[in-house]
Amino acid sequence: MRWIATAAAALAAMTSSAAAAAPGDLDRTFGVDGTALLRSWEGHPGRSGAVAVHDDGRVVVTGQSGRGDVVVARYTTSGELDASFSDDGLTTLTLGTPRDTGRGIAIAPDGRILVAASGECVSAVVRLTASGAPDSTFDGDGVWTLPAPRSACPSADAVALQADGRILVGGTDDRRWTALRLTPAGAPDPSFGSGGKAFARPAALSAGIAAIAEAPDGRVLMAGNAGDSNFGVARFLATGARDDAFGTDGTFVHPPNTFDVMDLEALVVGANGSVLVGGRAGRGEEIDGSVVVKLTPAGALDPTFSDDGVAFPPGTMASALAVLGDGRVLVAGGGRTPGSRGPTLARLTPGGAADGAFVSEVAGFAAAEHVAMRPLAGGATRIVASHREGLGYAAATFAADGARSDAVHRADPQLPGVRLGARWLWAGAGRLNVYGWGWDPYDGWLASGRLTPAGTPIGTSSDRAVPNGWSVLAASAGGDGRTAVVTGGRIVFYSADGARVASTAPLPDPQAVAVQADGKAVVTGTAGDQLWARRFDVNGEPDNGFGTRLVTVGTGAMVGDMLIQADGRIVIVGGAAGRLISVRLLADGTLDDGYAGDGIAGELLWDAGVPFKPGARAVALPGGRVLVATNPRPVVLTADGAVDWSFVSDLRELPAFAVDPEGRILAESGDTVRRLNPDGSLDALYGAARLTLEGDDRALAALPGGDLAVADAADGDIRLRRVLGGGTVPPARAVLKRFPGDDDELVEITEGDAVKELPLRFTLAKAWPTVVAFRVVAASSSASAGSDFQPLDTLVTVPAGQTSVTAALRITADTVAERPESLEITAHSTDQVRVLGGSATTFVRISDDDEGKVVDETPSPDAAATPAPDPVTPASPVAPGPPKTPVAGPDPVAAGLNALRVPALKVRQGSLRWSLSAQPALAGSTVRMELRRSLSSGTVYARATIKVKARGATPVRLALTPAGKKALRGRKAKRLPLVLTVGTTRRTVTVRVTP
């Protein structure tokens, strides 16, 4: 871990504007030009995927960085990172997924480097120039990506160069072994197979490829694992056709169940067409180590080689093979088992018998992942073995007699660390602590950094002792910065400096934790229909004075958050039976009967019959109140466990939030930060220059004086910024909480031969001590003002102390049969009443009771031609005018789009999939679909074009774009607009998408 600053940022700090700052602006005095970056560096060696050796002895290793990117390292002959390669010896690139890795490598005679790379359902071949830059002469940008999968994800596992410069790639596609051939320019070679692609016998092989090679006669061979602890070899003609002269249908598959373990690594073709493969085999206690198998040119086990075609040379892994001119076989390895001490070299006679074994004892080398060998003059051989973990290597030269020389051990270079997401912030004791969580491909990491209030770094720390699959579920810091974290089914304690102090024994489903002022931690979780709570001291030992408290709350019990109030009482928020539950305990763990009567607040309703949903996060407010993030809107609970209707949020969701000293709520909203006043109204003057947030994980912390600390992601680092606070708090206003049509309620009236009045009932969140008024407007939709309804644009007043009021909308008399029509009713905010969202609109449906009458189909007059009445005085009734023409019937395509139902979606193999139920109105129609970042953004995350079937369900597959793959690779669900278009008809639906 370390704090970093860039020269560009320093320059920006010297040239930043001195204009007067306003609340919500970035504090440019914080860190470097308003920003501090926390990067994870310590102990992240990455992992190797392949190794190769230049003709001049330089070593190239490819693999995966701690951030899950493809990385290529090149070393000089003396073992130092090569500064002529990408300036520092390291090139890093991404395929856009969290687990990209280099799997195969080949070096061209001119020094260019080819890498076979794969990620999560994305595979590619990358070509770098000799200086480490992407080669623009290779498919335009140096990267050729395998076509999108049809059913199973493709892989690129091995790469090799043919003598004529064409490129061979071995991998899998549609669960079959696949050989691809590319031209030197990075295009599929049409002379090979079908469009540059050839498949091995489908039923034989489906696991990963270990190696691909060209035979001297131009034929192509692949070898790899075949499942059931087995392996196989496939051979193709130079045209890509299966070579029927080899094995069965061009494939050899070793008899199944011969070994308990089989891990193939190497392939070499002999001068006479024989084939040798090497790896590691295991069978009970008899066999556990290197194995070499020899096949005849016809694809059968060679009985002249160790009697049955299978030899077991010394060593733990046969990772590379070479056939000498006299037929002897060199077997190089490094071992994947602990205790293997460096590159090994064994030699076999042409008949497969041992002909000497040599081991290079290289100090500091433990075990190898991949091995390469390069013949030298005089019969010597250079062996290079990459580390099992990390991109370092060990190398040694063996003379023909086995004498070893020129041993080199290169320690792992430091690579960019894991991609961190900001999880929480803590401010206190004169400093600011930021905590992040991230995964390398194998482990979880907890990172922390400490700064002064001015953004000056104090220190960093990281903890890798978290097994893969664990995550930080919750965390809390006490008054001195000591922290407790819920992870891996237990509580882990950290000092204020980020050092691990202690951990508890495993607990039954812990879900939230809170740290008291004395450093003790209270943890809560669920067991069936109960919440439980326990307390632990700073050493992770149970506090028997607190004991284990069990509180029955109902089916589906879950915990969202927990906090310690100033008086030591403990508030737990969560849910049961799909609704919000809040429990308060006294400091000794007993239920607080002063809270909702029995310590459990469970009847918490947004409206009649509409309960608040389970709570996700909570923060303490002055006066013992608690703000809870829930649906349909955040809610404040009073000190006695009731809903506090003096707060109604203009924001529906609060993914992350904090409370400033004035009681204002500082909240993440979309990709920026907004501020709510103490009554929940949006502060329109806060952050006029919007602060843009990145990544899926964000954290906020209020600072003394009202400033805000904001942590988010910046290309895998944690970015910390300070936002200015201050400003006046406006007077609170009454809130219009409910109006006609709210919560999808249908407002409908049937017109008749006489004027009718439709009562419209409006309800405030709470009674107001003074008379208040808001504006209501009725406007045309498909109905016509004047001939269908009496225009309305008026102030509606609510008497002091009253929560609701009714206004009337007049529907005019009608004598003509017509189709149903609609009009819009909109409530607008005033300086006395706040309408949530500024205004709220609902539709009124006007149906007809004149059955059997002839419907007039002439065009409807322009409703906008009717003048609006005085905005304050309600309009007088309007007498029926001349016979009116109804609006034409509904568009069947629009009706079909409106009938579509899109479920919640989950990213699977680079796409979003579901089945569209039968839609007769859309049968045969072509529907274009685009999942967007927002309606105002041009960024498309996924797209598809489908033709709706006339019968049965229509499968839909939305393929993710590169922007979608990047945005939807976290762990946080998003609500995104899906635009559906048929011809010129368009509909937008909001879809929940889970990465």
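Residues numbered from 1 in each chain as written. Predicted model: local features only at pLDDT ≥ 70, side-chain atom pairs only at ≥ 80, totals over all residues. Heavy atoms only, no water.

- Under an unreviewed UniProt entry, the protein has the name Calx-beta domain-containing protein and belongs to Solirubrobacter deserti.

Comments concerning the packing of aromatic side chains
1) Next: Counted by the stated rule, this structure contains seven aromatic pairs.
2) Next: Pairing F231 with F252 gives two aromatic rings, centres 6.1 Å apart and planes at 50°, and the pair type is tilted. Here the residue F231 occupies a position in strand β17 (residues 230–236), and F252 occupies one in strand β18 (residues 251–253), the gap between them amounting to 21 residues. For the pair shown, F231 and F252 are each scored as buried.
3) Next: Three or more aromatic residues link up through ring pairs in this structure, and these residues are W606, F612 and W645.
4) Next: Over the ring of W606 we find K737; its NZ or CZ atom is 5.2 Å from the centre of that ring. (Phe/Tyr/Trp six-rings, centres within 6.5 Å; stacked < 30°, edge-to-face > 60°. Helix = DSSP H or I, 4+ residues; strand = E, 2+ residues; numbered from the N terminus. Buried < 20%, exposed > 50% of the residue type's maximum accessible area, 1.4 Å probe, protein only. Lys NZ or Arg CZ within 6 Å of the ring centre and 35° of its normal.)

Considering the side chain of E265
1) Next: By secondary structure assignment, the location of E265 is in strand β19 (residues 261–269).
2) Next: Classification of E265 by relative accessible area gives buried; the value is 15%.
3) Next: Engagement of the side chain of E265 in a polar contact is seen with the side chain of H370, the distance being 2.6 Å. (Polar contact = N/O pair within 3.5 Å; in protein donor to acceptor, adjacent residues only side chain to side chain.)

Notes on the pattern of salt bridges
Once their charged atoms are close, side chains differing in charge can pair, the charge on each being opposite to the other.
1) Next: Within this structure, the stated rule accounts for 44 salt bridges.
2) Next: Between D189 and R166 there is a salt bridge, and its shortest N-O distance comes to 2.8 Å. Placement of the pair is D189 in the loop between β13 (176–182) and β14 (197–199) and R166 in the loop between β11 (155–161) and β12 (167–173), with a sequence separation of 23 residues.
3) Next: Judged by its relative accessible area of 23%, R166 is partly exposed.
4) Next: R569 serves as the salt-bridge partner of D592, at 3.0 Å between the closest nitrogen and oxygen. (Salt bridge = Lys/Arg side-chain N within 4 Å of Asp/Glu carboxyl O.)

Examining the pairing of strand β36 (residues 483–487)
1) Next: Of all five residues that make up β36, five are buried, and the element is covered over most of its length.
2) Next: Because side chains alternate across β36, one face comprises the buried residues T483, V485 and T487, and the other comprises A484 and V486, equally buried.
3) Next: Sheet analysis places β36 next to strand β37 (residues 490–494), joined by five bridges and oriented antiparallel. From the neighbouring strand, A484 faces β37, where its bridge partner is F493.
4) Next: Linking two consecutive strands that pair antiparallel, namely β36 and β37, is a turn of two residues; a positive phi of about 60° is found at G488 within it. (Pairing = 2+ DSSP bridges.)

Let's talk about the sheet that holds strand β5 (residues 70–75)
1) Next: The antiparallel open sheet is built from four strands, whose spatial order is β3-β4-β5-β6. Each having just a single partner strand, β3 (47–53) and β6 (90–93) make up the two edges of the open sheet. This sheet shows a mean twist of 15° between the axes of neighbouring strands, independent of strand direction.
2) Next: Across four bridges, the pairing between β5 and β6 is antiparallel. Looking across to β6, one finds that A73 is bridged to L90. (Axes fitted to C-alpha atoms, helices over the stretch in contact; angles between N-to-C directions.)

Let's talk about the side chain of S123
1) Next: Within the secondary structure layout, S123 lies in strand β9 (residues 123–128).
2) Next: A distance of 2.9 Å separates polar atoms of two side chains, one belonging to S123 and the other to S118.
3) Next: Those residues in contact with S123, other than ones at most four positions away along the chain, are A117, S118, W144, T145, L146, P154, S155 and A156. (Contact = heavy atoms within 4.5 Å.)

What to know about the state of the cysteines
1) Next: According to the stated counting rule, one finds one disulfide in the structure shown.
2) Next: Residue C121 pairs covalently with C153 via a disulfide, S to S 1.8 Å. Between C121 and C153, the S-S dihedral sits near -90°, and the bridge is therefore left-handed. Of this pair, C121 sits in the loop between β8 (113–118) and β9 while C153 sits in the loop between β10 (143–145) and β11, and the two are 32 residues apart along the sequence.
3) Next: With a relative accessible area of 12%, C121 lands in the buried category. (Disulfide = S-S within 2.5 Å.)

A closer look at the nonpolar core
1) Next: Counting residues in hydrophobic clusters, the biggest one holds 32 residues, and the most contacted among them are L736, F762, F774, F789, L809 and L823.
2) Next: With sequence-adjacent residues up to four places away left out, L809 is seen in contact with K756, E757, L758, L760, A778, F789, Q790, L792, L823 and I825.
3) Next: Within the second largest apolar cluster, 29 residues are counted, among which are V907, A942, L958 and L976. (Core = buried A, V, L, I, M, F, W, Y, C linked by side-chain atoms within 4.5 Å.)

Brief notes about unusual backbone geometry
For residues besides glycine, phi is generally negative; the peptide bonds are generally trans as well.
1) Next: Cis geometry marks the peptide bond from N631 to P632; its omega dihedral reads 10°.
2) Next: Summarising the element assignment, P632 is placed in the loop between β50 (626–629) and β51 (635–637).
3) Next: For D249, which is not glycine, the phi dihedral falls at a positive 55°.
4) Next: Looking at the secondary structure, you find D249 in the loop between β17 and β18.
5) Next: Even without glycine at this site, S306 takes up a positive phi of about 55°.
6) Next: Tracing the chain through its elements places S306 in the loop between β21 (287–295) and β22 (310–311).

Comments concerning the sheet that holds strand β49 (residues 617–620)
1) Next: Taken in spatial order, the three strands make up an open sheet running β49-β50-β51, and their pairing is antiparallel. With partners counted over all chains shown, the strands left at the sheet margins are β49 and β51, one partner each. Neighbour to neighbour, the strand axes of the sheet diverge by 25° on average, direction disregarded.
2) Next: Sheet topology note: the β49/β50 ladder contains four bridges and is antiparallel. For A620, the partnering residue across the bridge sits in β50 and is V626.

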